[in-house]
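Overview (structure and organization)
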Amino acid sequence: LAKTTQPISMDSYEGQEVNITCSHNNIATNDYITWYQQFPSQGPRFIIQGYKTKVTNEVASLFIPADRKSSTLSLPRVSLSDTAVYYCLVAPGTTGRRALTFGSGTRLQVQP
Amino acid sequence: EAGVTQFPSHSVIEKGQTVTLRCDPISGHDNLYWYRRVMGKEIKFLLHFVKESKQDESGMPNNRFLAERTGGTYSTLKVQPAELEDSGVYFCASSPSEGLGGYTFGSGTRLTVV
C-alpha cells in the first residue's frame, strides 16, 4: 500500500480555513485517497474520499492534482470542535476492500 | 442505521487472564476488520474477515490472539493469556462489499493489562 506523509501537527483559529496536505508519491492507478477524522476516545470517522480533481461534501473538500501524488484536505471555517487528528490514507477503492494503513496523522488544534 | 458497536468500552485485567472483545458490525457489511493502537503508536491492522472467513490475518501479533466471526455477523477477539504489551485500544471497522466510501469504525475497546 502507498505510504503517505503529512504534517505532524497544525494550529488554527476559529473561523479560518485549514488546508492539510498529504504526499503519496507511490499511489497506484486503482488507489483512492481517503481522509479520516479521529477525536479522543473514538474510532476514526470517514470524512471524504476522492480519486482525482476535486470532491466536496458537507464537511470538507478534497483537492487532488492531475499527477495524484498529493492531496489537500480543506476544512472551511473551522470551529473548536474540529480539533482532532486527521489521517490521509491511500488504498484500492472497492476491489478486495483491503485493510487500511494508518500513518501518524495530523493533529489539528483549533484555538478560540 | 446503527453504527459499529464494540463491547466492552473498557477492560482492565491482570496479566495472564483472558479477555474477549466483541464487535457488532453494521448489518449487511460483509467486511469486518480489527485494528489496534498501543500507547504512542499508530493504528495497526490486525485482521480482516469477509463474512465468516479470515481474508487476511497478517497483522495478528501472535497466537495468543484468536478472532472469530461465526455466522458472518458479530466478531470476537480473544486474548489468552493477556500480557502487559497487549494494552491499547482495539478498534473494529466494517464495510460493505460493493461501492465506494470509507470504513465505519467503532469507538474501540480500551484494554489495560496490569
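Below you will find a few notes about this structure. (Residues numbered from 1 in each chain as written. Chains lettered and ligands numbered in written order. Predicted model: local features only at pLDDT ≥ 70, side-chain atom pairs only at ≥ 80, totals over all residues. Heavy atoms only, no water.)

1. Things to note about the overall build of chain B
Put simply, the rule is: Labels follow the DSSP assignment, with helices taken as runs of H or I lasting at least four residues and strands as runs of E lasting at least two, numbered in each case from the N terminus. Between the two quantities, the radius of gyration covers C-alpha atoms and the globule rule is 2.2 Å times the number of residues to the power 0.38. Relative accessible area decides the class of each residue, using a 1.4 Å probe on protein chains only: under 20% of the type maximum gives buried, over 50% gives exposed, and in between gives partly exposed.
Helix and strand counts for chain B stand at zero helices and eleven strands. Listing each helix as α and each strand as β along chain B from the N terminus yields β-β-β-β-β-β-β-β-β-β-β. Taking 2.2 N^0.38 as the reference for a compact globule, 114 residues should give roughly 13 Å; the C-alpha atoms of chain B span a radius of gyration of 13 Å, in line with that estimate. Looking at the 114 residues of chain B, the share that counts as buried comes to 46%.

2. Digging into the pairing of strand E5 (residues 44-50) of chain B
Residues and elements named next belong to chain B. The following threshold applies: A strand pair is defined by DSSP finding two or more bridges across the two strands.
Here E5 lies mainly inside the structure; five of its seven residues are buried. Bridging between E5 and strand E6 (residues 53-56) involves three bridges; their strand directions are antiparallel. Pairing of Phe-49 across the sheet is with Lys-54, part of E6. Joining the antiparallel neighbours E5 and E6 is a turn of two residues, in which Lys-51 adopts a positive phi near 55 degrees.

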